[in-house]
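What follows is each chain in one-letter form.
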Amino acid sequence: VKEPEHHLDSDLMHSLILRDGKICGSVSSIERWFNCPYSWFLAYGIRLGQNERTALDPRSIGTIAHAVLEQSVQTYGKQYATLGKTSIRTWMEPFFDTLKGMYPNRSGMISLTMDRLTLALEQAFLFLEAYERHTSFQPAFTERHFEEEIVDGVKLRGIFDRIDTEPQGAEGEGLVRIIDYK
């Protein structure tokens, strides 16, 4: 018995890939496309595995770290990096408490992950504090959405983690710096 040939017709592919006639995606998704179109198809075309959730998946941990960084910049402005261990833990506790409520059998592992993330963020803030002392840039925006057609038919979209600005110079134009927390 001969196996049937598998193929995707062009209408199905267009419905999976195009939005308003354009390829649309984040920097990560477009990088994935160029690295391996099949991997992109599984992740973004048919969204394989996107409904799976675990207590400690990288997206959740990254979201918590981003929330602490965002909250620190919004609360302290340029002095955000002076945030100490106690504040880091206080801001993270609601997230980790929610995870413990959702996954009570993983409570010990969730607590250990919180301890490790606290240490990692403490170290990151030490680096960032030294970095901020030597720049005139000021945090201006956090978590700013963008969408831009970069070439005909390809639209890049995503969120800038942070946008900093520098005071205007003699020519009247200031500089802009975009920061990605990865």
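Up top is the structure.
These notes cover the structure that comes with them. Per chain, residue numbering runs from 1 following the sequence as it is written. Totals for whole chains, interfaces and linings use every residue, but because this is a predicted model, local features are given only for residues with pLDDT of at least 70 and side-chain atom pairs only at 80 or more, for both listing and counting. Working from all heavy atoms in the structure, the side-chain values ignore hydrogens and water.

### What about the overall build of the protein?
Strands are runs of DSSP state E lasting at least two residues, helices are runs of H or I lasting at least four, and both sets are numbered from the N terminus onward. Across its full length, the protein carries six helices and five strands. Reading the protein from its N terminus to its C terminus gives the helix and strand order α-β-β-α-α-α-α-α-β-β-β. Here the protein has a C-alpha radius of gyration of 21 Å; the compact-globule value for 182 residues is 16 Å, and the former is much larger. For the protein, the C-alpha atoms occupy an extent of roughly 70 × 60 × 20 Å along the three principal directions. In this description the radius of gyration comes from C-alpha coordinates, and the expected globular size is given by 2.2 Å times residues to the power 0.38.

### Overview of the side chain of Lys 78
Note that Lys 78 resides in the loop between α4 (58–76) and α5 (85–102). Counting of polar contacts relies on pairs of N or O atoms within 3.5 Å, with two restrictions inside protein: one atom must be capable of donating a hydrogen and the other of accepting it, and residues adjacent in sequence are counted only when both atoms are side-chain atoms. A polar contact is formed between the side chain of Lys 78 and the backbone oxygen of Thr 135, at a distance of 3.0 Å. In this structure Lys 78 touches Glu 132, Thr 135, Phe 137, Gln 138 and Pro 139, once residues within four positions along its chain are discounted. For this analysis, residues touch if any pair of their heavy atoms sits within 4.5 Å.

### Brief notes about helix α6 (residues 107–133)
Take the number of residues in a helix, subtract one, and multiply by 1.5 Å to get its expected span. Look at α6: 39 Å from first C-alpha to last across 27 residues, which is about the 39 Å you get at 1.5 Å a residue. Of the residues making up α6, those classed as buried are Ile 110, Thr 113, Met 114, Leu 117, Thr 118, Leu 121, Phe 125, Leu 128 and Glu 132. Tucked inside the fold, the buried residues of α6 contact α4, α5, β4 (154–165) and β5 (176–179). Per-residue accessibility, obtained with a 1.4 Å probe over protein chains only, is compared with the maximum for each type, and a residue is labelled buried under 20%, exposed over 50%, and partly exposed between these values.

### Some thoughts on the environment of Cys 24
Here Cys 24 is to be found in strand β2 (residues 22–25). Once the C-alpha coordinates of Cys 24 and Gly 153 are considered, the two residues, 129 residues apart in sequence, prove to be 8.4 Å apart. For Cys 24, the contacting residues outside a window of four places in its chain are Ile 17, Arg 19, Lys 155 and Arg 157.

### Considering the nonpolar core
Each nonpolar core is a collection of buried residues, namely Ala, Val, Leu, Ile, Met, Phe, Trp, Tyr and Cys, held together in the definition by side-chain atoms within 4.5 Å. The biggest cluster of nonpolar side chains holds 21 residues, and the ones touching the most others in it are Met 92, Phe 96, Leu 117, Leu 121 and Phe 125. Put simply, the parts of the chain that give this core at least two residues each are α4, α5 and α6.

### Brief notes about the packing of aromatic side chains
Stacked, tilted and edge-to-face are the three classes assigned to paired rings of Phe, Tyr and Trp, where Trp is represented by its six-membered ring and a pair needs centres within 6.5 Å; plane angles under 30 degrees give stacked, over 60 edge-to-face, the rest tilted. Applying the stated criterion across every chain, the model contains five aromatic pairs. Aromatic pair Phe 127 and Tyr 131: ring centres 6.2 Å apart, planes at 15°, arrangement stacked. Taken as a pair, Phe 127 and Tyr 131 lie in helix α6 at a separation of four residues, close to a single helical turn. Residue class for Tyr 131 comes out partly exposed when judged on its relative accessible area of 35%. Distance and angle both matter: a charge sits over a ring if NZ of Lys or CZ of Arg is within 6 Å of the ring centre and within 35 degrees of the ring normal. Taking the ring centre of Phe 141 as reference, the NZ or CZ of Arg 144 above it sits at 3.8 Å.

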